[in-house]
Structure formats: structure tokens, C-alpha cells
Amino acid sequence: MENSSTSISTSISTSIENNNNNINNNININNIINENSISSDSNHQNNKTYQNLIFKTLSQKTILCSKKTISTTSDFFDCITSNNLEKLRHLSQKGLPDDLPMLRALTYKILLNYLPIESEKWYSTLTKKRSEYFYYKQIFISKLDKELKSKQFTSKTLLEQIIKDVYRTNVNFNFFFQSTNKNKQFSSEEIKNLYNKRKNCVFSDIENDIYTITSDKINNETHAEVLTRILFIYSKFTPDISYHQGMNELIAPIYYLFSYDKTYKETNENEIEADTFWVFFNLMSKMKSSFDIGNSHNYIKKKADKLYKIIKIVDEEVFNHFIKIQLKNDYFVFRWFILLFSQEFQISDLLRIWDIIFSKEDVFYYTFYFALGIVEYKRKFILKNDMINVLTDINKLDDVNVEDIVKEVVKVKNKFKDEILKIIYDNKKFENKNIHNHNLIET
């Protein structure tokens, strides 16, 4: 009898092939994406071809995956073929597979409004948005190059800050200090030397880095340099926000995830860079107020105050202990809400949390719940310790089983959903059916 894994994988492959069997799937993605001028009929044909190729690749990649991953992939395919965004949100909440980055990458692109739920539009969307990024990249990097050559370097301070921050991103994680050229990987010693040189850099130290990010020779750069370029372009593209410390922590996991997406195997780093830019841009659009210099403190302070109100309802004993040890909410809550826990967890665990956070249009909705989940998970320790020990422990979560925190989130939500919703939305949206009925993970 055929096992369930093989059966599901075969089912997916068969459905894909039947979807449009008159189209040749034997096509190079790079050739599709880089066509500049196509007719309407050709565009429709390429949309269908790309759609089929992605689905076919997705099903093929599941062959060596776990049964759970194969099942999740099948559910994902059902969501896409039925154009059911709400069903996809719920699937993401249950957790996306670590052993199939392509599926998580596709889901994030949809949930963060880069790709539409309609897969037949993916090709034309990618073509348009990647072309737009390459256009802006050429403009802003060309201007930067002219600044360097003219010695009138007005972007010096901005680039110094970005480079310093990028080189402090996940310093114990070698990926960002590796070359984008998979055939030219650095040793641990080389990475250590590179990091030590950059962590306290001044302009004279980073001048070569700036020349690198203006170069077209992408195989000679590190992932950190790609992140630097994206953040620089973002700062120029959105002058009202520009760049602020912390953005590096939010963009890094997105870029890391896309770098392991096998969809890009036949293309190159340019597409990963462009897609990372737009997904980050859309995420920042949701978090704009968190990085507004004139308003960010008050904006996050209101959320921190709401969290303390919720803690008082959910666990009054913990709330009273916080008051007793004089633990103010801005001592730890600010970082959680500004960086969405990106400094608290290892990337694999962080992405599991983001599966849930990104499932809602409002990214702060489940941020409240995860903040509560962490507090409840650490409850016993909190009640036995003073402010310093609590602060130290509550911000050190890299060795925690993230699923244990998810369980706490589910408990809290199931028991206090109505009360929490009223506080989060100031009663304004509480009667909204979509909010009230949006249930978290079935356990």
C-alpha cells in the first residue's frame, strides 16, 4: 500500500500537471523573469508557466521531507488553488516547515502583500516589482558612486550607521559574514577577523565596503554587504523614515529565509535582493510608527501600557510582583514590539513566531500574545526574583523551546480572548467579526 507521504506528493504533482498540461514546464525561471518586453498573450502564458513551475518545484522538494511537511504543502496548495487567503493565514499559524524554506518564503510574500494570493499573477508581479527595484537601485547607487568620486560624501554618516548595525546583526551566526558566492566560502577564522574589523568601524575602515556595494560584481560580496545596500536604498527610497537602528534586525531573517529558497537556484542574488527589499518595505509600512523619531516612543509606550493592563487581567500575581520589584514595562517591552522578538530568539525559532505574527494584517496583534506567552512561560522564575534577575532572564530566550511559548499563547488566548481584544483595540474594533472570530492554532 502506498504510504501517505508518497500519496500526498503524487497528488500535488498530478494536480499541478493537470492544471495546464499544454504548457511546457521545462523552462528556466531566469529566462522568464528577465524578459523585458512581452505581449499580453505572452504575459498570460508566462504567468501560467511560472505558476506551474513553482508548484512543480514545490512538490518535488517535498519528496525528502517529513510527512508533516508534505501534508502542510498539500494544504498550502489547496489554499492557493482556491485563492483562500484566510485559510492560508490559519495554515501559517499552525507553523510552516523548516525543511522546506520555499513554502515559508512564498507564504511570507503573500501575507506581507508582496505577492497576491492568485498564483497566476505571481510572474507579472515579480517582473514588475523586481524591475522597479533594479531601477531605484541604479539611481541611488549611481548617486552614491558619484559622491565617492567627487569626495562630496553626504551619505557618510548614514552608511557608517548602517554598516555598523549590519555587522552587529546575529554576530554568533556566520551566515551574514559569508560570501554570496557559494564557491567562495570563508573559514571561521576569516569570519572572526572580518567581524572584529567591522564592529567598531570608522569611515576609513568601511570605504572598501562602500565601493563593494556600488559594484556590479555581486560574487565578491558578503550577505552583510547585500543587507547594507538594501537598507541604504530603503533609506533613500523612504526619506520620511530613512534608516534607524533595529531595521537591520528585522530585514536579516527575511533575507536569510529567501537565501535558502530553492526557487532562486536558477537565478541569482539580484532577485533575492529585490524580493527582500519589497517584503521588508511592506513590513515597515505596517511598523512605520515604531521608527518615527518624533512619535515612536509614545506609540510603543501606549502598547507597553496596554500589555501591562492585559497582564493584570491574565495574571494579577505577576503584575503585582512587577510593581513590587519596580519593573517598568519600557525596560523590556519596547524591544519586543519594535523588533518583533528578533533579538530574543535564534532565527529558526523566530521564524516560527513570525509564522503566527504575520498571519494577521496587524503585526502587533499576536505580538501582544507572544509577550504574554513569554511572561507566563517565565512565571515561576519571575515570582522568585528581583528586577535585575527578571530582566536578564526574560530577555534571554535563545535556549527556550519556542513551541512551549506557543502553548502558553494558546492558553491565554483561549481563556482571555474577549478581555484582551478590548484592550488591544480600545473597544473600537471589538465587534468586528473578522477580529473576534480569528482563532489561533488548533491544539
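The coordinates are above.
Let me sum up the structure you'll find in this document. All values reported here derive from a predicted model rather than from experimental measurement. (Residues numbered from 1 in each chain as written. Predicted model: local features only at pLDDT ≥ 70, side-chain atom pairs only at ≥ 80, totals over all residues. Heavy atoms only, no water.)

Considering the overall build of the protein
Step number 1: Within the protein, the secondary structure is distributed over 22 helices and zero strands.
Step number 2: The 443 residues of the protein split such that 55% are buried.
Step number 3: In the protein, 74% of the contacts between residues at least 6 apart in sequence involve partners at least 24 apart.
Step number 4: Summing over all exposed atoms, the protein offers an accessible surface of approximately 20,500 Å²; the carbon and sulfur share of this is 45%. (Helix = DSSP H or I, 4+ residues; strand = E, 2+ residues; numbered from the N terminus. Buried < 20%, exposed > 50% of the residue type's maximum accessible area, 1.4 Å probe, protein only. Contact = heavy atoms within 4.5 Å. Areas by Shrake-Rupley, 256 points an atom, 1.4 Å probe, with all protein chains shown as cover.)

Notes on the packing of helix H4 (residues 67-81) against helix H5 (residues 85-94)
Two packed helices can be described by the angle between their axes and the distance between those axes.
Step number 1: Between H4 and H5, the least distance of the axes is 9 Å, while the angle of their chain directions is 160°. Classified by the angle between their axes, H4 and H5 sit roughly antiparallel to one another. Between H4 and H5 lies a crossing of left-handed hand. Residues Thr-72, Asp-75, Phe-76, Asp-78 and Cys-79 of H4 touch H5, and the partners they reach there are Lys-87, Leu-88 and Leu-91.
Step number 2: Considering only residue class, the contact of H4 with H5 consists of four nonpolar, one polar and three charged. (Axes fitted to C-alpha atoms, helices over the stretch in contact; angles between N-to-C directions. Parallel < 35°, antiparallel > 145°, perpendicular 65-115°, else oblique. Left-handed = near helix turned anticlockwise from the far one by under 90°. Nonpolar A, V, L, I, M, F, W, Y, C, P; charged D, E, K, R; others polar.)

Considering the environment of Asp-386
Step number 1: Secondary-structure assignment places Asp-386 in the loop between helix H19 (379-384) and helix H20 (387-394).
Step number 2: Judged by relative accessible area, Asp-386 falls into the partly exposed class, the value being 40%.
Step number 3: Linking Asp-386 and Phe-322, residues 64 residues apart in sequence, is a C-alpha distance of 9.0 Å.

A look at the packing of aromatic side chains
Aromatic rings in a pair are described by how distant their centres are and how their planes are angled relative to each other.
Step number 1: By the definition in use, this model includes 38 aromatic pairs.
Step number 2: Taking the centre distance of 5.1 Å and the plane angle of 85° together, the rings of Phe-175 and Tyr-256 count as edge-to-face. Here Phe-175 is found in the loop between helix H8 (156-166) and helix H9 (188-198), whereas its partner Tyr-256 is found in helix H12 (residues 247-259), with 81 residues between them in sequence. Take Phe-175 and Tyr-256: they sit in the same class, and that class is buried.
Step number 3: One Lys or Arg, Lys-109, reaches over the ring of Phe-258 and ends 4.8 Å from the middle of that ring.
Step number 4: We note Lys-129 situated over the ring of Trp-278; from NZ or CZ to the ring centre the distance is 3.7 Å. (Phe/Tyr/Trp six-rings, centres within 6.5 Å; stacked < 30°, edge-to-face > 60°. Lys NZ or Arg CZ within 6 Å of the ring centre and 35° of its normal.)

Here's the deal with helix H13 (residues 269-286)
Since the α-helix packs 3.6 residues into each turn, any two residues three or four apart lie on the same face.
Step number 1: The end-to-end C-alpha separation of H13 is 26 Å, in line with the 26 Å expected for 18 residues at 1.5 Å each.
Step number 2: Within H13, 15 of the 18 residues are buried, which leaves it mostly tucked inside the rest of the structure. (Expected span 1.5 Å × (residues − 1).)

Section: empty space enclosed by the protein
Step number 1: A complete count under the given rule lists one cavity of 30 Å³ or more for this structure.
Step number 2: The wall of the largest cavity is formed by Tyr-50, Leu-106, Lys-109, Leu-115, Leu-126, Arg-130, Asp-261, Thr-263, Tyr-264 and Asp-275.
Step number 3: Counting residues per element, the ones that place at least two in the lining of the largest cavity are helix H6 (101-111) and helix H7 (122-150).
Step number 4: The class makeup of the residues in the lining of the largest cavity is five nonpolar, one polar and four charged. (1 Å grid on protein atoms, 1.4 Å probe; cavity = no way out; pocket = protein on both sides within 12 Å on 5 of 7 lines; lining within 4 Å. Points joined across faces, edges and corners; volume = space filled by probe spheres on them.)

Some details on the pattern of salt bridges
Step number 1: Throughout the structure, instances matching the rule amount to 24 salt bridges.
Step number 2: Measuring nitrogen to oxygen at the nearest pair gives 2.9 Å for the salt bridge that ties Arg-229 to Glu-221. Of the two residues examined, Arg-229 and Glu-221, each falls in the buried class.
Step number 3: Put simply, Lys-286 and Glu-361 hold a salt bridge, and the shortest N to O gap is 2.7 Å. Here Glu-361 lies in the loop between helix H17 (347-357) and helix H18 (365-377) and Lys-286 lies in helix H13, a separation of 75 residues in the sequence.
Step number 4: Judged by its relative accessible area of 41%, Glu-361 falls in the partly exposed class. (Salt bridge = Lys/Arg side-chain N within 4 Å of Asp/Glu carboxyl O.)

Overview of the nonpolar core
Step number 1: The biggest cluster of nonpolar side chains holds 130 residues, and the ones touching the most others in it are Phe-322, Trp-354 and Phe-358.
Step number 2: Top contributing element to this core by residue count: helix H21 (residues 402-424), with eleven residues.
Step number 3: Not counting residues within four places of it along the chain, the set of residues in contact with Phe-358 comprises Arg-89, Tyr-108, Leu-111, Leu-112, Leu-283, Leu-340 and Val-363. (Core = buried A, V, L, I, M, F, W, Y, C linked by side-chain atoms within 4.5 Å.)

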